[in-house]
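# Observations on chain architecture
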Protein chains: 4
Amino acid sequence: MKILISYYSRTGNTKKMAEAIARGVRDEGATCDLKEITDVEIDQLLEYEALIFGAPTYYGSMAAEMKKLLDDSVKHHGKLAGRVGGAFTSSGMIGGGGETTILSILEALMIHGMIVIGDATIQHYGPLAIGEPDAKVHKMCIEYGQKIARLTKKVFGN
Amino acid sequence: MKILISYYSRTGNTKKMAEAIARGVRDEGATCDLKEITDVEIDQLLEYEALIFGAPTYYGSMAAEMKKLLDDSVKHHGKLAGRVGGAFTSSGMIGGGGETTILSILEALMIHGMIVIGDATIQHYGPLAIGEPDAKVHKMCIEYGQKIARLTKKVFGN
Amino acid sequence: MKILISYYSRTGNTKKMAEAIARGVRDEGATCDLKEITDVEIDQLLEYEALIFGAPTYYGSMAAEMKKLLDDSVKHHGKLAGRVGGAFTSSGMIGGGGETTILSILEALMIHGMIVIGDATIQHYGPLAIGEPDAKVHKMCIEYGQKIARLTKKVFGN
Amino acid sequence: MKILISYYSRTGNTKKMAEAIARGVRDEGATCDLKEITDVEIDQLLEYEALIFGAPTYYGSMAAEMKKLLDDSVKHHGKLAGRVGGAFTSSGMIGGGGETTILSILEALMIHGMIVIGDATIQHYGPLAIGEPDAKVHKMCIEYGQKIARLTKKVFGN
């Protein structure tokens, strides 16, 4: 079982979240590739049972660099259906568009026919850091990685 | 495996969609309870591996009658985590708030920690009828029921 | 020029925000009626040049009590077009559905044909408190009231 | 009074909508610049009292090419506050992400502090074509241009 975590990060905050999520995925015994968005080739997307994307909050939705990859993924439209997806973001302030950014990613994954999951106790749509990730966000990211890995195992029967 | 389809319908359009989705669920061999929203008791929600909610599009989000049930479901907050959810709506016009209505339901289910799934070929976030459901919508609803039932089987290991 | 601020509040947090917004509205010389949602009659909505609604974040969208008022406002559908609207919420945690709650209200107001405004410096879609409103949120609410009152003056030519 | 309509269009559908909106803007006596997104320079954004953006529906939010312009507009963050904004999209199917695409643009404009307006009778969040714009969509786009121009006059006191 292979899981991709792909992120776009200028300040390093989103990258730190990606690393913590990767740790959570590996805790569950899954193979995890952690890649900057510019290092991901479209054809590689098909290699993973789960794909998790993270980007800073820019004007209420995912950064253009990430949107470009998702727009280009139309090449394989339909082939990702039934795989598991996730999203996270790093935002400048509370109420600063972080929730809508996560949802913009999840909506794209749903349009690919993918499976997503919420959380009843922590940040509901996906991990959201305000500024630099603190210990609480770090823990939340690890748990999110674990959760996505567990769901992927259930869906793919391992 | 038991799946609940609960709907609110004044004109009958949303009810017809609910019935078609129920048919799809049963096609997959799952037990399906089809209930008007006012016939659902909060404690009953716990009996189902999957919950699908449908409401007409009123001012861009689910009708108050359905929101009341979901607000009241806070009584069991956390206990629905990991179950499968779905949403559908009947809207008066294209661009009339149907997508945001479906998303308002899916967001509530994600906040419960539930699993949702998109569709790569038909209406991406969930079935959406414009006016009275026609043959195309009917077929789409049946396929949505089948899809939710198949996902539920995967997640719950049947 | 009359502005309505209507709120639903169980814990008192949303009410405190409503009071601060009312102060901001009055700072600009506008008449402000501050009412609990259950004290608002549908026909009264027509008396105001601007309507601001606030509710706690319940499952990612406005509380059923507020949705009921907005659903019932279909009685006057079309008559509120061109008036000014606003929204605010009190949420339990960061990433807890506060942004989607504000947007659920703004979407309803847009469907009424109303005018809404964002903010470039503070909480972009509308005031959002995490837990009890602190001094920062209080100030933000006052500024939001001022901003809505100023926009209403521009639109209605005073 | 100057209004910018900027669009991204591959098939020509979004371009046709842009042209109809431009006609509506000019009907109201406002100057309208109609530009492909790649022909807009960031500094030019400041020349307009209103900015209307249109893009095809790609994976539930605005195309990356348009998001890039909006991301880059952070250079002038705050300076567009109080100006009028609008959004439109061309989508492949009903329920195909058209509403969320329009909202992704409007959310970005709100984060700039801009003013947006809904519509009580036609497509509520902004013009949305399914496939090639027909006569009904054409008329709706003209009316949207007129509406945005009238609102801009009110806000800027002409």
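The following refers to the structure shown. Source: prediction; values computed, not measured. (Residues numbered from 1 in each chain as written. Chains lettered and ligands numbered in written order. Predicted model: local features only at pLDDT ≥ 70, side-chain atom pairs only at ≥ 80, totals over all residues.)

## Some details on the overall build of chain A
A count of helices and strands for chain A gives four helices and six strands. Shown N-terminal to C-terminal, the secondary structure of chain A runs as helices and strands in the order β-α-β-β-α-β-α-β-β-α. Against the globule reference of 15 Å for 158 residues, chain A gives a C-alpha radius of gyration of 14 Å, in line with a compact fold. Projected onto its principal axes, the C-alpha positions of chain A cover 35 × 30 × 25 Å. Buried positions account for 63% of the 158 residues belonging to chain A. (Helix = DSSP H or I, 4+ residues; strand = E, 2+ residues; numbered from the N terminus. Rg over C-alpha atoms; globule rule 2.2 N^0.38 Å. Buried ≥ 20, exposed ≤ 12 C-beta atoms within 10 Å, placed from the backbone.)

## Examining the relation of the copies chain B and chain A
With an RMSD of 0.0 Å, the operation that places chain B on chain A is a rotation of 180° combined with a shift of 0.0 Å along the axis. Each copy turns onto its partner about a two-fold axis. Of all interface residues in chain B, 100% are interface residues in chain A too; the two copies therefore contact each other through one and the same surface. (Least-squares fit on C-alpha atoms with pLDDT ≥ 70 in both. Contact = placed C-beta atoms within 7 Å.)

## Considering the pairing of strand 4 (residues 84–91) of chain C
Residue and element names in this part refer to chain C. Among the eight residues that make up strand 4, eight are buried, leaving the element largely enclosed by the rest of the structure. Of the two faces of strand 4, the one carrying Val-84, Gly-86, Phe-88 and Ser-90 and the one carrying Gly-85, Ala-87, Thr-89 and Ser-91 are both buried. Relative to strand 4, strand 3 (residues 50–56) runs parallel, the two being bridged by seven bridges. Within strand 4, the position partnered with Pro-56 by the bridge is Ser-90. Taken together, strand 3, helix 2 (residues 64–72) and strand 4 form a β-α-β motif whose crossover is right-handed. In terms of strand pairing, strand 4 meets strand 6 (residues 128–130) through three bridges, oriented parallel. (Pairing = 2+ DSSP bridges. Right-handed = clockwise from strand over helix to strand, strands pointing away.)

## Side note on the environment of Ile-102 of chain B
Residues and elements named next belong to chain B. Assignment of secondary structure puts Ile-102 in helix 3 (residues 98–111). Among the residues examined, Ile-102 registers 29 C-beta atoms within 10 Å and is labelled buried. Once residues within four sequence positions are removed from consideration, Ile-102 is found in contact with Ala-87, Phe-88, Thr-89, Tyr-125, Gly-126 and Leu-128.

## Digging into the interface of chain B and chain D
With twelve residues of chain B at the interface, the matching set in chain D holds twelve residues. Grouping the constituent residues of the side of chain B that touches chain D by class yields four nonpolar, seven polar and one charged. (Nonpolar A, V, L, I, M, F, W, Y, C, P; charged D, E, K, R; others polar.)

## Overview of the packing of helix 1 (residues 13–27) of chain D against helix 4 (residues 135–156) of chain D
Residues and elements named next belong to chain D. At their nearest, the axes of helix 1 and helix 4 sit 7 Å apart, and the two run at 45° to each other. Between helix 1 and helix 4, the interaxial angle falls into the category oblique. Taken as a pair, helix 1 and helix 4 cross one another with a handedness that is right-handed. Residues Met-17, Ala-20, Ile-21, Ala-22, Arg-23, Gly-24, Val-25 and Asp-27 of helix 1 lie in contact with helix 4, whose contacting residues are Val-137, His-138, Cys-141, Ile-142, Glu-143, Tyr-144, Gly-145, Gln-146, Ile-148 and Ala-149. Across the contact of helix 1 with helix 4, the residue classes break down as eleven nonpolar, four polar and three charged. (Axes fitted to C-alpha atoms, helices over the stretch in contact; angles between N-to-C directions. Parallel < 35°, antiparallel > 145°, perpendicular 65-115°, else oblique. Left-handed = near helix turned anticlockwise from the far one by under 90°.)

## Quick word on the interface of chain B and chain A
Contacts between the two partners involve 21 residues from chain B, matched on the other side by 21 residues from chain A. Those elements giving two or more residues to the side of chain B that touches chain A turn out to be helix 3, strand 5 (115–117) and helix 4 (135–156) of chain B. The class makeup of the residues in the side of chain B that touches chain A is twelve nonpolar, seven polar and two charged. As paired strands, strand 5 (residues 115–117) of chain A and strand 5 of chain B are joined by three bridges and run antiparallel to one another. Of the residues in strand 5 of chain B, the one forming a bridge with Ile-115 of chain A is Ile-117 of chain B.

## Looking at helix 4 of chain D
Residues and elements named next belong to chain D. Helix length check: helix 4 (22 residues) gives 32 Å between terminal C-alpha atoms against 32 Å at 1.5 Å per residue, within 8%. Every buried residue of helix 4 is listed here: Val-137, Met-140, Cys-141, Ile-142, Tyr-144, Gly-145, Lys-147, Ile-148, Ala-149, Leu-151, Thr-152 and Val-155. Looking at the residues trailing helix 4, positive phi occurs at Gly-157, about 75°. (Expected span 1.5 Å × (residues − 1).)

## Quick look at the pairing of strand 1 (residues 2–7) of chain C
Residues and elements named next belong to chain C. Counting buried positions over the six residues of strand 1 gives five, a clear majority of the element. In this fold, strand 1 hands off to helix 1 (residues 13–27), which returns the chain to strand 2 (residues 31–36); that crossover is right-handed. For strand 1 and strand 3, the ladder comprises five bridges, and the chain directions are parallel. Looking at the pairing, Leu-4 lines up with Leu-51 of strand 3.

## Describing helix 3 (residues 98–111) of chain A
Compared with the 20 Å implied by 1.5 Å per residue over 14 residues, the 20 Å span of helix 3 of chain A between its first and last C-alpha is a close match. Backbone geometry just after helix 3 of chain A places Gly-113 of chain A at a positive phi near 85°.

## Quick word on the environment of Lys-15 of chain C
Residue and element names in this part refer to chain C. With respect to the secondary-structure elements, Lys-15 resides in helix 1. Lys-15 sits in the partly exposed class, given 18 other C-beta atoms within 10 Å. In this structure the C-alpha to C-alpha distance between Lys-15 and Pro-56, which are 41 residues apart in sequence, comes to 9.6 Å. In contact with Lys-15, other than residues within four places in its own chain, are Tyr-7 and Ser-9.

## Re the environment of Met-62 of chain A
Residues and elements named next belong to chain A. Structurally, Met-62 is set in the loop between strand 3 (50–56) and helix 2 (64–72). The exposure class assigned to Met-62 is buried, which follows from the 35 C-beta atoms found within 10 Å. For the pair Met-62 and Ala-87, spaced 25 residues apart in the sequence, the C-alpha separation amounts to 9.9 Å. Setting aside anything within four residues of it in sequence, one finds Met-62 in contact with Ala-55, Lys-67, Thr-101, Ser-104 and Ile-105.

## A closer look at unusual backbone geometry
All names here are of chain C. Phi at Tyr-59 is positive, roughly 50°, even though this residue is not glycine. For Tyr-59, the position within the fold is in the loop between strand 3 and helix 2. Overall, Tyr-59 belongs to the buried group, with 26 C-beta atoms counted inside 10 Å.

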